[in-house]
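Notes for the structure review
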Amino acid sequence: MDFSAPGGPEHRQTEESRPLLADMSAALPEGTKVGAGPCRRTLLHGSGMRYKLLQEGDIQVCVIRHPRTFLSKILSSKYLRRWEPHHLSLAPQGLLSATPTGYMENSISYSTIEDVQLLSWENAPKYCLQLTVPGGTVLLQAANSYLRDQWFHSLQWKKKIYKYKKVLSNPGRWEVVLKEIRTLVEMALTSPLQDDSIHQAPLEIVSKLLSENTNLTTQEHENIIVAIAPLLENNHPPPDLCEFFCKHCRERPRSMVVIEVFTPVVQRILKHNMDFGKCPRLRLFTQEYILALNELNAGMEVVKKFIQSMHGPTANCPHPRVLPNVVAVCLAAIYSCYEEFINSRDNSPSLKEIRNGCQQQCDRKPNIPLRLLQSSPDLMSHEPATTDSRFKSVIVTSSEIHVELERNNSANQKMKASTGNDSEPNLIDCLLVSPTCSAMTIELSPQAERVLACYVEILKMLSDYDDWRPALASLLQPIPFPKEALAHEMFTKDLKYVIQRFAEDPRQEVHSCLLSVRAGKDGWFQLYSPGGVACDDDGELFASMVHILMGSCYKTKKFLLSLAENKLGPCMLLALRGNQTMVEILCLMLEYNITENNDTQLQIISTLESTEVGKRMYEQLCDRQRELKELQRKGGPTRLTLPSKSTDSDLARLLSSGSFGNLENLSLAFTNVTSACAEHLIKLPSLKQLNLWSTQFGDAGLRVLSEHLTALQVLNLCETPVTDVGLVALSSMKSLCSLNMNSTKLSADTYEDLKAKLPNLTDVDVRYTEAW
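Model, not experiment: these values are computed from the prediction.

Some words on the overall build of the protein chain
Of the regular secondary structure elements, the protein chain holds 30 helices and 14 strands. Summed over its atoms, the accessible surface of the protein chain is roughly 37500 Å², and 49% of this surface lies on carbon and sulfur atoms.

A word on the confidence of the model for the protein chain
In the predicted model, the protein chain carries a mean pLDDT of 78, and the fraction of residues at 70 or more is 78%. Considering only residues more than four positions removed or in separate chains, one finds that residues 350-439, a stretch of pLDDT under 50, has 136 contacts.

Observations regarding unusual backbone geometry
In this structure, Lys645 is a non-glycine residue whose phi angle is positive, near 75°. Considering the arrangement of structural elements, one finds Lys645 in the loop between strand 9 (639-641) and helix 26 (648-655). In this structure Lys645 comes out as exposed when scored by relative accessible area, which is 57%.

Examining the pattern of salt bridges
Evaluation of the coordinates by the stated rule reveals 22 salt bridges. In this structure, Asp149 engages Arg148 in a salt bridge whose closest nitrogen and oxygen atoms are separated by 3.0 Å. Arg148 shares its class with Asp149; the two are buried. For Glu504, the salt bridge identified is with Arg501, shortest N-O distance 3.5 Å. Taken together, the residues span about one helical turn, with Glu504 and Arg501 both in helix 17 (residues 489-504) at a distance of three residues. A relative accessible area of 21% places Arg501 in the partly exposed class. Via salt bridges that share partners, Asp466, Arg469, Asp505 and Arg507 belong to a single interconnected network.

Description of the nonpolar core
Tyr455, Phe481 and Trp524 are the most contacted members of the largest nonpolar core, which has 140 residues in total. Top contributing element to this core by residue count: helix 10 (residues 322-344), with twelve residues. Excluding its chain neighbours within four sequence positions, the residues that come into contact with Phe481 are Leu331, Ile334, Leu459, Leu476, Leu486, Phe491, Leu495 and Trp524. In terms of nonpolar packing, the next biggest core, distinct from the first, is built from 39 residues, Phe660, Met741, Leu754 and Ala771 among them.

Describing the sheet that holds strand 14 (residues 763-765)
Strand order in the open sheet made by the six strands is 9-10-11-12-13-14, with parallel pairing throughout. A single partner strand is all that each edge strand has here, and the edge strands are strand 9 and strand 14. Going across the sheet, the axis of each strand differs from the next one's by a mean of 5°, ignoring polarity. Across three bridges, strand 10 (residues 665-667) lies against strand 11 (residues 689-691) in parallel orientation. The residue of strand 11 that forms the bridge with Asn665 is Gln689.

Observations concerning the packing of aromatic side chains
Counted by the stated rule, this structure contains 16 aromatic pairs. When the centroid spacing of 5.8 Å and the interplanar angle of 55° are considered together, the rings of Phe525 and Phe559 count as tilted. Residue Phe525 is found in helix 19 (residues 524-527), and its partner Phe559 is found in helix 21 (residues 556-566); the two are separated by 34 residues along the sequence. Looking at Phe559, the relative accessible area reads 6%, which means it is buried. Three or more aromatic residues link up through ring pairs in this structure, and these residues are Tyr338, Phe481, Phe491, Trp524 and Tyr528. The ring of Tyr164 has Lys163 sitting right over it, with the charged end atom 5.0 Å from the ring centre.

A look at the environment of Trp157
Structurally, the position occupied by Trp157 is in helix 2 (residues 145-169). Sequence-wise, Trp157 and Leu193 are 36 residues apart; in three dimensions their C-alpha atoms are separated by 8.6 Å. Among residues more than four places away in sequence, those in contact with Trp157 are Leu53, Met187, Ala188, Ser191, Leu193, Ser197, Ile198, Ala201 and Pro202.

Quick word on the pairing of strand 7 (residues 127-133)
On a regular strand, one side chain projects to one face of the sheet and the next to the other, so that they alternate. Among the seven residues that make up strand 7, six are buried, leaving the element largely enclosed by the rest of the structure. Alignment of strand 7 against strand 8 (residues 136-142), held across seven bridges, turns out to be antiparallel. Residue pairing for strand 8: Leu131 is matched across the bridge by Val138. Where strand 7 folds back on strand 8, the antiparallel hairpin that results is connected by two residues, among which Gly135 adopts a positive phi of roughly 80°.

So, the environment of Asp536
Take Asp536: it is sitting in the loop between helix 19 and helix 20 (540-552). On the basis of relative accessibility, which here comes to 41%, the residue Asp536 falls in the partly exposed class. Taking C-alpha positions, Asp536 is 8.8 Å from Thr492, a pair spaced 44 residues apart along the chain. There is a polar contact of 3.1 Å between the side chain of Asp536 and the side chain of Lys496.

Re the packing of helix 6 (residues 239-251) against helix 7 (residues 256-272)
For the pair helix 6 and helix 7, the least separation of the axes is 10 Å and the interaxial angle reads 145°. The interaxial crossing formed by helix 6 with helix 7 has left-handed handedness. Where helix 6 approaches helix 7, its residues Phe245, His248 and Cys249 are matched on the opposing element by Val257, Val258 and Phe262. In the contact of helix 6 with helix 7, the residues fall into five nonpolar, one polar and no charged.

A look at helix 30 (residues 748-757)
Among the residues of helix 30, those classed as buried are Thr750, Tyr751 and Leu754. Considered in projection along helix 30, the buried side chains sweep an arc of 100° and stay on one side of the axis. Residues of helix 30 that are exposed and point more than 90 degrees away from the buried face comprise Asp749 and Ala756. Where helix 30 is buried, its residues meet helix 29 (724-727), strand 13 (738-740) and strand 14.

Focus: the pairing of strand 4 (residues 94-97)
Of the strand pairs in this sheet, strand 3 (residues 84-90) and strand 4 are connected by three bridges, and their pairing is antiparallel. Counterpart to Leu90 in the pairing with strand 4 is Leu95. Here strand 3 folds back onto strand 4, and the loop between the two strands holds three residues. Pairing of strand 4 with strand 5 (residues 108-109) involves two bridges; the strand directions are antiparallel. Residue Gly94 lies in a different strand from strand 5, and its bridge partner there is Ser109.

Some words on the side chain of Asp765
Take Asp765: it is sitting in strand 14. Residue Asp765 is classed as buried on the basis of its relative accessible area, which comes to 15%. Ignoring any residue separated from it by four or fewer positions in sequence, one finds Asp765 in contact with Leu739, Asn740, Met741 and Asn742.

Some points on the environment of Ala771
Following the sequence through the fold, Ala771 ends up in the segment after strand 14. Considering only alpha carbons, one finds Ala771 and Ala748, 23 residues apart in sequence, at a separation of 4.1 Å. Residue contacts for Ala771: discarding those within four places in its chain leaves Leu746, Ser747, Ala748, Tyr751 and Val766.

Each value, and the rule that gives it
Residues numbered from 1 in each chain as written. Predicted model: local features only at pLDDT ≥ 70, side-chain atom pairs only at ≥ 80, totals over all residues. Heavy atoms only, no water. Helix = DSSP H or I, 4+ residues; strand = E, 2+ residues; numbered from the N terminus. Areas by Shrake-Rupley, 256 points an atom, 1.4 Å probe, with all protein chains shown as cover. pLDDT = per-residue confidence, 0-100. Contact = heavy atoms within 4.5 Å. Buried < 20%, exposed > 50% of the residue type's maximum accessible area, 1.4 Å probe, protein only. Salt bridge = Lys/Arg side-chain N within 4 Å of Asp/Glu carboxyl O. Core = buried A, V, L, I, M, F, W, Y, C linked by side-chain atoms within 4.5 Å. Pairing = 2+ DSSP bridges. Axes fitted to C-alpha atoms, helices over the stretch in contact; angles between N-to-C directions. Phe/Tyr/Trp six-rings, centres within 6.5 Å; stacked < 30°, edge-to-face > 60°. Lys NZ or Arg CZ within 6 Å of the ring centre and 35° of its normal. Polar contact = N/O pair within 3.5 Å; in protein donor to acceptor, adjacent residues only side chain to side chain. Left-handed = near helix turned anticlockwise from the far one by under 90°. Nonpolar A, V, L, I, M, F, W, Y, C, P; charged D, E, K, R; others polar. Arc of directions from axis to C-beta.

This is the structure:
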């Protein structure tokens, strides 16, 4: 009778496939045919089946106490054996029952299980496992063959892991230990079980071994790392192992193990890690690995190639977790550079104190004194016929831009009385650039400086990728660095490259992140503007930031109000130096009547007239103001419809031809107007109904309308290319009662948001949109 597994007599017998007894045929009942015995061992062969590691489950249990020589007779007995149902748990130490009674009154330790075998009963097919224990046999009966095999492999695995934990907890010779580790790794790699713990358990065993034996040689370290390397390809190292890897990176950064073994491990961490907060040592290991790369001969070139490998060769990185993980590593590393300094300063100044300077007010001196010569105060008390005749020219010395403000007390009192507010910033106060905190000197150790330089350089690399820049800007918008870093000239000077990349990006989602995340909190725009703690130039970066923000910021008036309140001085200083962007900003402040204080308007106009470009643009502004007054003069039609195929220039010519102060209803339906016509529409003071059906009017135009035409009641956007980006801006138009968004790219979420924020909206058309 053949009791071997299918596959022929040449099949190699392993521990699991050895016959239960040397000769079971002697115990067969008389007359039994060969090959038809009552009990036959079966062996799983390479079927490719995969199983989930069992931790617990329901199974039938039968325990037979017997001398081993009588085992075959007992198994072949025709008498019915008693089976007990149990819910067994495969605990770390052994088999436990949820109801410790009967056969399972006592747990079965893995150390007492001598062998685990598969049995099949032919007379009454049952799916059984045989556990050989001292003095008897434990039979486990499953519901089907798959469940039986799952129990079989799970028991084998638990038994072996228990054995290796015992063996490697008391290491002897390290060459033997290394051999056992290799065997353990091979067992995990070849196991048919599929579970995270299959690879994690060996790693945890080795991790504990290393944490308890700190006197290993460098060669023994490397041998162990190489031995467990196959398990790390698809698994994160446990915390203790991360600590061991960190130590190796610090002590032997040039070891080939760092490049050959750690590189795929770190790549996997950056691609798949979801939260460094749950395992901060993974972040620390990644940080130490990058520093080890930086210690190589090529230094930052190796780091750069590593970042390139993480991004991939395509224009868009296929792994969404890489960027936030790399940024998290950079932020933690940069913070660690200042940690000692932070902890050593019990009374370190706040960022506001750093920004305003730590010197006394009397010791503060403006970097560039200004002298403004003001005309006779009598001019201030008379209302002129035109805007530009209200003020006299400013006299500015071109050599040092020295302006002195000479006020007449009576005129000053008149201005304060007329405005009712004396809180408008004075020119000298506005242009006073506060020095950075001179009392706060940041000095890092040479090692901290190397770490800082490495990780700031990585942030620069990240900002060079177009697909990463929006997310990077978003991650850095709530400034995540300590105030000590922002007061450190080396850091802010190097980080300036990243801010410049944000300022140069044409996408609003990127450069809008230069602004503060909320009111009262500084953003990069404030820190790198003149007077900001990080500003180290004459305002070039500030001017470029203002230029790009004004180019796309739909909250134009709000942004200008913020500039007038906080950065009017720097704007005028740069305008005095001929910066065209700042000249345009000052003109817009006058055009939108941002500052109502006459004295401040005088200062702005004087600044504009001090340069050729400013004088020219101011004259153009005055011309536009005259045209605007003519356009808004009461009179003209109340309803107006432009012919089909009219363009933006046609609309501009029409509106410049007379007065339209009474125009309430304007139809541009089926014309070729675009968002560019919005600058003409916002000059119509009485406009209440606007029809843009089937035009090319888009999101940019909606943003302008939403800020200026707050009294608009009816708006038709049917078949226009507007999207959620522009439609969401309509939430500020509280007077809207009729809105047609038929056949637009309106989403359901934006529609719900508009309904909630527009209380007067009663007539809405959202057919053929996502919200329909």
